[in-house]
Amino acid sequence: MNNAGMDIIEGCAAPLPYSNLDTDQIMPKQFLRGIDKRGLDRGLLYDMRFDETGAEKPEFILNRMPWRQASILVGGPNFGCGSSREHAVWGLLQYGIRAVIAPGFAEIFFSNAMNNGLLLVALDEARVQALLAQVADPARARLRIDVRHGRIDAGSGGLADFALSARHREMFLHGRDMVGATLAQQAAIDAYEARHWRARPWLKDNARKALAADTAAGS
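Given the structure is predicted, the values throughout are model-derived calculations rather than measurements.

Just to check I follow, could you spell out the overall build of the chain for this structure?
Helix and strand content of the chain: 10 helices and seven strands. Whereas a compact globule of 219 residues would reach a radius of gyration of roughly 17 Å, the chain reaches 22 Å, over 25% beyond that. In terms of overall dimensions, the chain has C-alpha extents of about 75 × 45 × 25 Å along its principal axes. Split into buried and exposed, the 219 residues of the chain put 41% on the buried side. Counting 26 positive and 25 negative side-chain charges, the chain places the averaged centre of each group 5 Å from the other.

Written out as structure tokens, the structure reads:
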């Protein structure tokens, strides 16, 4: 991810009040067969969204307005548990989800999400339950997340602060993944390398020199 940064995430929020919603449910196995990321939005929560004939289940929240256009999910505890498939995160992003609010997240899912630009916000269970009840009302389903200041504005539902590490905040504000965050330190990396080779010049280019010597010996 090296896209435009995100200060504000704002939009309709859909309630998914399920504990232990795992990555196998978020992205079922049949959608892992491709060699690229295309089409994963179709697989998102497939067994919840569609019946055995492939028709939409009209009662499911993401098949109903206004939540069909959700950009935020409010979920239950241990969101994203199960296998480590990164496809679950890619599918959420392709569908248009930009943030998930829940009491807690599985560790690998958390890393995959934050590194791909899907914001995960952990709040205490009571606050999440209040948000779940609020966004289930179509007239009160809109939320605003201020990434820079770590604050959720739920309108009449009030404000909620959340913690975000300095590293993750900078990644979101500048649209960087882990590679981009590392390359942002290029000047410091170059300075470190220069100091290292000045102090240990005998170590530099050893592999190239050894290969050249082997080639010369074999010729």
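What's the story with the pairing of strand β1 (residues 8–16) in this structure? I'm lost.
Counting buried residues in β1 gives seven out of nine residues, a clear majority hidden from the surface. Bridging between β1 and strand β5 (residues 142–146) involves five bridges; their strand directions are antiparallel. If you follow Glu10 over to β5, its bridge partner there is Arg144.

I'm lost on the pairing of β5 in this one. Help?
On any regular strand, side chains alternate: one points to one face of the sheet, the next to the other face. Note: β5 against strand β6 (residues 151–153), three bridges, orientation antiparallel. Note that in β6 the partner of Ile145 across the bridge is Ile152. The turn joining β5 and β6, which pair antiparallel and follow one another in sequence, is formed by four residues; a positive phi near 65° is taken by Gly150.

When you look at the environment of Ile97 in this model, what are you seeing that I'm missing?
Mapping Ile97 onto the fold places it in the loop between α4 (87–95) and β3 (99–102). Overall, Ile97 belongs to the buried group, its relative accessible area being 0%. Each C-alpha atom, one on Ile97 and one on Asn116, is 12 Å from the other, the two residues being 19 residues apart in sequence. Ignoring sequence-local partners within four residues, the contact set of Ile97 consists of Ala70, Ser71, Ile72, Leu73, Leu92 and Leu118.

Explain the packing of aromatic side chains here, please?
The relation between two aromatic rings is expressed through the spacing of the ring centres and the mutual angle of the planes. Scanning the entire structure with this criterion turns up four aromatic pairs. Considering the side-chain rings of Tyr46 and Phe50, the 4.8 Å spacing of their centres and the 35° angle between planes classify their relative orientation as tilted. Where Phe79 meets Phe105, the ring centres are 6.1 Å apart and the plane angle is 70°; that geometry is what we call edge-to-face. With Phe79 in the loop between β2 (72–75) and α4 and Phe105 in the loop between β3 and α5 (107–116), this residue pair connects regions lying 26 residues apart in the sequence. For the pair shown, Phe79 and Phe105 are each scored as buried. Sitting above the plane of the Phe50 ring, Arg42 keeps its charged end 4.2 Å from the centroid.

What is the right way to look at unusual backbone geometry in this model?
Leaving glycine out, the prevailing phi sign among residues is negative, and the prevailing peptide bond configuration is trans. Cis geometry is found at the peptide bond from Met65 to Pro66, where omega equals 5°. Here Pro66 is to be found in the loop between α3 (46–49) and β2. Here Asn20, not a glycine, exhibits a phi torsion of approximately 60°, which is positive. Looking at the element boundaries, Asn20 is found in the loop between β1 and α1 (23–26). Judged by relative accessible area, which is 42%, Asn20 ranks as partly exposed. Residue Asn78 is not a glycine yet carries a positive backbone phi of 60°. The residue Asn78 is located in the loop between β2 and α4 in this model. On the basis of relative accessibility, which here comes to 31%, the residue Asn78 falls in the partly exposed class.

Quick question: what am I supposed to make of the pattern of salt bridges here?
Side chains carrying opposite charge are able to pair once their charged atoms draw close together. Applying the stated criterion to the full structure yields eight salt bridges. A salt bridge links Arg148 to Asp7; the nearest nitrogen and oxygen atoms lie 3.0 Å apart. Here Arg148 is found in the loop between β5 and β6, whereas its partner Asp7 is found in the segment before β1, with 141 residues between them in sequence. The class of Arg148 is partly exposed, set by a relative accessible area of 41%.

Just checking my understanding: could you explain the sheet that holds β5 for this structure?
Where strands meet in a sheet, backbone hydrogen bonds hold them as pairs that are either parallel or antiparallel. With mixed pairing, seven strands are arranged side by side in an open sheet as β4-β3-β2-β1-β5-β6-β7. Looking at the sheet topology across the chains shown, the edges are occupied by β4 (119–122) and β7 (159–161). The average angle at which neighbouring strand axes cross in this sheet is 25°, direction not considered. Across the sheet, helix α6 (residues 125–135) touches β1, β2, β3, β5 and β7, and the angle it forms with β2 is around 125°.

How each quantity is defined
Residues numbered from 1 in each chain as written. Predicted model: local features only at pLDDT ≥ 70, side-chain atom pairs only at ≥ 80, totals over all residues. Heavy atoms only, no water. Helix = DSSP H or I, 4+ residues; strand = E, 2+ residues; numbered from the N terminus. Rg over C-alpha atoms; globule rule 2.2 N^0.38 Å. Buried < 20%, exposed > 50% of the residue type's maximum accessible area, 1.4 Å probe, protein only. Lys, Arg positive; Asp, Glu negative; His and termini not counted. Charge placed at Lys NZ, Arg CZ, Asp CG, Glu CD. Pairing = 2+ DSSP bridges. Contact = heavy atoms within 4.5 Å. Phe/Tyr/Trp six-rings, centres within 6.5 Å; stacked < 30°, edge-to-face > 60°. Lys NZ or Arg CZ within 6 Å of the ring centre and 35° of its normal. Salt bridge = Lys/Arg side-chain N within 4 Å of Asp/Glu carboxyl O. Axes fitted to C-alpha atoms, helices over the stretch in contact; angles between N-to-C directions.

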